[in-house]
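# Per-entry structural report
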Amino acid sequence: MKLYISERFLTFKDKAAVTDENGAVRYYIHGDFAIAKKYYVDDVNGTQLASVVQKKISSTGTCVVSRNGNDIAEIVPKITLFKPKYEVKRLGWTIEGNFNQDKYSIKQNGTAIVNVNVRLLMKGNAYEIDITDGIDEVNALAVVLVIEGIFENTVLGTAVNSSVQSSFFS
């Protein structure tokens, strides 16, 4: 399953559609920046399916993904010499690739299960999230939100405020 999110999808008050290969809306994503960095994944009817929150007291920038009120994953940056790498605890996933060029993979047992790339589409650039069959789409989408929305803005040093945002949130 391929999902697409517009590269310029979110302001601090808007929500964005996540579409499939045929352009059909599959999910909506939106954020809440009042107190902490939070992102939400909703179904097409507006029911919240997942939330992503950056832990306030965390020297590493750990983020938590919750579903139905239960924490299902923690995404933690791993210290490496050359390229950033992330561990998705509880799901047994790792994330690696070229984050500066928005081309990376989520792996399970060394095998890519999700590939993320920026693609030029008719309506402009979009993130293409290619999810292997059998992998939970909402979990994958939530993890991508952590990488693009939180880690790219804080752990890698870019401030998030109403005027300075990464390309993903501008």
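As a reminder, the structure under discussion sits directly above these lines.
Residues numbered from 1 in each chain as written. Predicted model: local features only at pLDDT ≥ 70, side-chain atom pairs only at ≥ 80, totals over all residues. Heavy atoms only, no water.

## A few points about the overall build of the chain
Looking only at helices and strands, the chain features 1 helix and 12 strands. Taken from the N to the C terminus, the helices and strands of the chain come in the order β-β-β-β-β-β-β-β-β-β-β-β-α. Taking all 170 residues of the chain together, 44% fall into the buried category. Within the chain, contacts between residues at least 6 apart in sequence are counted, and of these 34% link residues at least 24 apart. (Helix = DSSP H or I, 4+ residues; strand = E, 2+ residues; numbered from the N terminus. Buried < 20%, exposed > 50% of the residue type's maximum accessible area, 1.4 Å probe, protein only. Contact = heavy atoms within 4.5 Å.)

## Some remarks on the pattern of salt bridges
By the definition in use, this model includes 6 salt bridges. The salt bridge partner of K2 is E128, with a shortest N-O separation of 4.0 Å. On the criterion of sequence distance, the pair formed by K2 in strand β1 (residues 2–6) and E128 in strand β12 (residues 124–131) is long-range, its members being 126 residues apart. Here K85 ties to E96 by a salt bridge, and the two come within 3.4 Å at their closest N and O atoms. In this pair, K85 sits in strand β8 (residues 85–89) while E96 sits in strand β9 (residues 93–98), placing the two residues 11 residues apart along the sequence. By relative accessible area, which is 28% here, K85 ends up partly exposed. Using a relative accessible area of 26% as the deciding quantity, one classes E96 as partly exposed. Overlapping salt bridges, with partners in common, bring together K85, E96 and K107 in one network. (Salt bridge = Lys/Arg side-chain N within 4 Å of Asp/Glu carboxyl O.)

## Points about the side chain of T62
Here T62 lies in the loop between β5 (48–54) and β6 (63–67). Excluding residues that lie within four positions of it along the chain, T62 makes contacts with V53, Q54, K55, E74, I75 and V76.

What is shown is where atoms sit, not what they do.
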